[in-house]
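Observations on the three-dimensional arrangement
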Number of protein chains: 2
Amino acid sequence: MQTELSKKLGIEHPVFGFTPFPAVAAAISRAGGFGVLGAVRYTAPDELKRDLDWLDAHVGDHPYGLDVVMPAKKVDGVTEADVEAMIPQEHRRFVQETLAEHGVPELDDGEASGWRITGWMEQVARGQLDVALDYPIKLLANALGSPPADVVARAHDHDVLVAALAGSARHARKHADAGIDIVVAQGYEAGGHTGEIASMVLTPEVVDAVDPLPVLAAGGIGSGRQVAAALALGAQGVWLGSVWLTTTEADLHSPALTRKLLAAGSGDTVRSRALTGKPARQLRTRWTDAWDDPAGPGTLPMPLQGLLVAEAVSRIQKHEVEPLLGTPVGQIVGRMNAERSVQEVFDELTRGFEQAIDRINRIAGR
Amino acid sequence: MQTELSKKLGIEHPVFGFTPFPAVAAAISRAGGFGVLGAVRYTAPDELKRDLDWLDAHVGDHPYGLDVVMPAKKVDGVTEADVEAMIPQEHRRFVQETLAEHGVPELDDGEASGWRITGWMEQVARGQLDVALDYPIKLLANALGSPPADVVARAHDHDVLVAALAGSARHARKHADAGIDIVVAQGYEAGGHTGEIASMVLTPEVVDAVDPLPVLAAGGIGSGRQVAAALALGAQGVWLGSVWLTTTEADLHSPALTRKLLAAGSGDTVRSRALTGKPARQLRTRWTDAWDDPAGPGTLPMPLQGLLVAEAVSRIQKHEVEPLLGTPVGQIVGRMNAERSVQEVFDELTRGFEQAIDRINRIAGR
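Residues numbered from 1 in each chain as written. Chains lettered and ligands numbered in written order. Predicted model: local features only at pLDDT ≥ 70, side-chain atom pairs only at ≥ 80, totals over all residues. Heavy atoms only, no water.

**Side note on the overall build of chain A**
Note the following rule: The way it works is that DSSP assigns letters per residue, a run of H or I at least four long becomes a helix, a run of E at least two long becomes a strand, and they are numbered from the N terminus. Radius of gyration means the value over C-alpha atoms here, while the globule rule gives 2.2 Å times the residue count to the 0.38 power. Between buried and exposed lies partly exposed: a residue is buried under 20% and exposed over 50% of the maximum accessible area for its type, with that area taken using a 1.4 Å probe on protein chains only. Contacts between residues were defined by any pair of non-hydrogen atoms, one from each residue, lying within 4.5 Å.
The number of helices and strands found in chain A is 14 helices and 11 strands. The globule rule puts the C-alpha radius of gyration for 366 residues at 21 Å, and the 20 Å found for chain A is close to it. In terms of overall dimensions, chain A has a C-alpha envelope of 65 × 45 × 40 Å along the principal axes. Out of the 366 residues in chain A, the part that is buried amounts to 59%. Within chain A, contacts between residues at least 6 apart in sequence are counted, and of these 68% link residues at least 24 apart.

Written as structure tokens, this is what we have:
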């Protein structure tokens, strides 16, 4: 399958794979797709450099990209300590009570929590970009709003295409006005931050709103039939995130979480503010239930919620406390029922795509 | 476009149109689709008979069907008065206060409220079926659960296919076990009662769950591209409801409501219990906001909520009190921006379908 965008990028399939794991990103690009490494967890430039070195060495001649989280609104001079100070005691107590209720052990001394708010701050994202532009990345994606104008210009100076996620046509038009090159239309069914509009409606709406800019459909896609559907809706490619979580190349550091993902049905996710303060689809757990319970204190706005729960989430993950153990994932989790290699996922995507085209041509009498 | 199901029913396009308006149902079937008349508003058998007479006289030789609302759980001997008695005074007061706040006038003396709970009761639905089986209907659809076994058997004795709506694969398998012939997979983005799973994920899941039973995709579909996407996902046809509301043949009895529908964006609907007590997608209004407000008394379970608000909804509709005026409708409302005839809708559906097939064949290199 070839679209204008896949030809431009020189890839075999217009399948973009977002992943926090360098091994998965490399495998996606080697399989003929386009691997995009999520940078949010790299708060230290050296760690990002180390993983980009590895990715660059293992991706062969295939292109790859980087996904950063650069908030649209810049907050100058605000430190993590300033944000910490804004968190009410009631919410801190609620975290401790919920962890205690489920007997979640502490982290070891000096063990850092894995997920830090700082990865969401513009200065950190700019540091990631400084590192990444030393590598031959071909795409820079931003998961929160349009990147600042100087970042778009800098990417373009390096011949790097800029993509941004949008949950509505209005949002997509703002990206287009900001000079970005590709819009990722992120439907309600997607994992992570999502809006209310489902892919069936959102994809064509965004395609028409930003025409002639290319649109990638995201949300609910994990099989070849769904790739065919997304392309029929007018997308120039698909953006998949969830489906890689249960590939053999992924390293969740938690057999219990992998088991939960493999067992979950499409109805076992929830769009909750529990993780970041903004609605993000994730596995529904006792943890999300506690935050979404009207009897509790409720969640705090971004970025307070993320900072509030960072250590708790690390404790839950490290100790694999099953009832609380979750991860951002989309409704496609219902079809992630066996561990497969990235290549096996691609084999199904392309075979299923061809079968869907055969079927729809029979229906169309062609 | 032809699928096994459209061939079996002898229709030109596998496009099923649900509508409360006989003129729309007739136009859908005449345009080569399959018109399905919603029966829920017919509490008097004579009124249904009158409208089926009209439909039968205006549909030509084309097939058509009936949609009833038959709850899965039978409640013997319960009258409307019994249900009335279960409604708390607090909720009745809230209705009156909300109406008063917006200056909603009373109905005239003797003027009945249009939407009655009784249309949702099994004895009423059975009465509708008694009437309908005197007509050459080819399809009986049930919007709430599987129809009772004797109803399925009776329909089959009359060579009437039975369809049922499902919001999950589990729900769909129950329908298959109950002996129904067609499953309508109703995605999150659909108008009226919906579940949480969006069409991109739900359609293939239901297709696989009930194979080889035919599945119609419902939710978010109103253009030819979306028909192509739904068929690529494995559906044997599509089930459209919202898109007919702004056709010239529809008779909403409210220019203000038509204006609101034409102006609404895809983000202007909400999945709320305000109308029936079960989550149903509808235009978001001050009325739904009031019921969904945590500071209010909240909604009552089905069937209490429907009975509680029936007269209020009639008053709002009759007097076209714009801030409160709504209707069940799906996210596709964002693309319903001009009044069109049913034939014009079909012209776009078929033309857009062919264009989507052309496009996807180019992408597939065929």
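Read on for the rest.
**A word on the side chain of Gln305 of chain B**
Residues and elements named next belong to chain B. So the rule is basically this: Contacts described as polar in this section are N or O atom pairs within 3.5 Å, which, within protein, must combine one atom able to donate a hydrogen with one able to accept it, while residues neighboring in sequence count only if both atoms come from side chains.
Relative to the helices and strands, Gln305 is located in helix α13 (residues 304–318). For Gln305, a relative accessible area of 0% translates into the label buried. Within the structure, the side chain of Gln305 is placed 2.9 Å from the backbone nitrogen of Leu300, a separation counted as a polar contact. Beyond its immediate stretch of four places on either side in the chain, Gln305 contacts Arg273, Ala274, Leu275, Thr276, Gly277, Trp291, Thr299 and Leu300.

**Focus on the interface of chain B and chain A**
We apply this condition: When two components associate, each loses some accessible surface as probed by a 1.4 Å sphere; the sum of these losses over both components is called the buried area. Throughout this description, the term salt bridge denotes a Lys or Arg side-chain nitrogen within 4 Å of a carboxyl oxygen of Asp or Glu. Charged residues are taken to be Asp, Glu, Lys and Arg, nonpolar residues to be Ala, Val, Leu, Ile, Met, Phe, Trp, Tyr, Cys and Pro, and polar residues to be all remaining types, Gly included.
Each side of the interface is counted separately: chain B has 46 residues, and chain A has 47 residues. With both sides pooled, the region where chain B packs onto chain A buries about 3900 Å², and carbon together with sulfur makes up 55% of that total. For Asp358 of chain B, the salt bridge goes to Arg366 of chain A, with nearest N and O atoms at 2.6 Å. For the interface between chain B and chain A, the tally reads 27 residue pairs in polar contact (both at pLDDT 80 or more). Among the secondary structure elements, those contributing two or more residues to the side of chain B that touches chain A are α9 (199–210), α10 (224–232) and α14 (342–363) of chain B. For the side of chain B that touches chain A, the leading source of residues is α14 of chain B, giving nine residues. A breakdown of the residues in the side of chain B that touches chain A according to their chemical character gives 23 nonpolar, 13 polar and 10 charged.

**Details of the relation of the copies chain B and chain A**
For the pair of chain copies, the relating operation is a rotation around an axis with a shift along it. The condition that has to hold: Copy-to-copy superposition: least squares on the C-alpha atoms, limited to residues that have pLDDT of at least 70 in both copies.
Superposing chain B onto chain A takes a rotation of 180° combined with a translation of 0.0 Å along the rotation axis, leaving an RMSD of 0.0 Å. Here the symmetry operator amounts to a two-fold rotation axis. Across chain B, the rotation axis passes nearest the C-alpha of Ala229 of chain B, at a separation of 2.0 Å. A shared interface surface links the copies, since 100% of the contact residues of chain B are contact residues in chain A too.

**What about the pairing of strand β8 (residues 215–218) of chain A?**
All names here are of chain A. Counted only if it meets this: The rule for pairing is simple: two strands pair if DSSP sees at least two bridges between them. Call a crossover right-handed when, viewed with both strands pointing away from you, the route from the first strand across the helix to the second goes clockwise.
Side chains of β8 alternate between two faces, with Val215 and Ala217 and Leu216 and Ala218 buried alike. Relative to β8, strand β6 (residues 182–186) runs parallel, the two sharing four bridges. The residue bridging Ala185 from the neighbouring strand is Ala217, located in β8. As defined by bridge partners, β8 adjoins strand β9 (residues 237–240) across three bridges and the pair is classed as parallel. Counted as the bridge partner of Ala217 is Val238 from β9. Between the parallel elements β8 and β9, the chain passes through helix α10 (residues 224–232) in a crossover that is right-handed.

**Considerations on α13 of chain B**
Residue and element names in this part refer to chain B. Selection criterion: Helices are assigned an expected span. That span is 1.5 Å times one less than the residue count. One axis is fitted to the seven residues ending at the residue and one to the seven starting there. The bend at that residue is the angle between these axes.
Over its 15 residues, α13 extends 22 Å from the first C-alpha to the last, a length consistent with the 21 Å expected when each residue adds 1.5 Å. In α13, a bend of some 45° at Ala310 exceeds every other bend along the element. In terms of burial, α13 is largely enclosed, as 12 of its 15 residues are buried. The complete set of buried residues in α13 reads Leu304, Gln305, Gly306, Leu307, Leu308, Val309, Ala310, Ala312, Val313, Ser314, Arg315 and Ile316. Where the residues of α13 are buried, they touch α4 (80–84), α5 (89–101) and α12 (286–292). The positive-phi residue at the C-terminal boundary of α13 is Glu320, with phi of around 45°.

**Observations regarding the sheet that holds strand β11 (residues 280–283) of chain A**
Read across the sheet, three strands follow the order β7-β11-β10 (chain A) without closing on themselves; strand pairing throughout is antiparallel. Of all the strands in the sheet, the pair left with one neighbour each is β7 (192–193) and β10 (269–272) of chain A.

**Some words on unusual backbone geometry**
With the exception of glycine, most residues fall at negative phi, and the peptide bonds are largely trans. Residue Pro212 of chain A is bonded to the preceding Asp211 of chain A through a cis peptide linkage, with omega at 10°. Tracing the sequence through the fold places Pro212 of chain A in the loop between α9 (199–210) and β8. In this chain, Met302 of chain B is followed by Pro303 of chain B through a cis amide linkage whose omega measures 0°. Looking at the secondary structure, you find Pro303 of chain B in the loop between α12 and α13.

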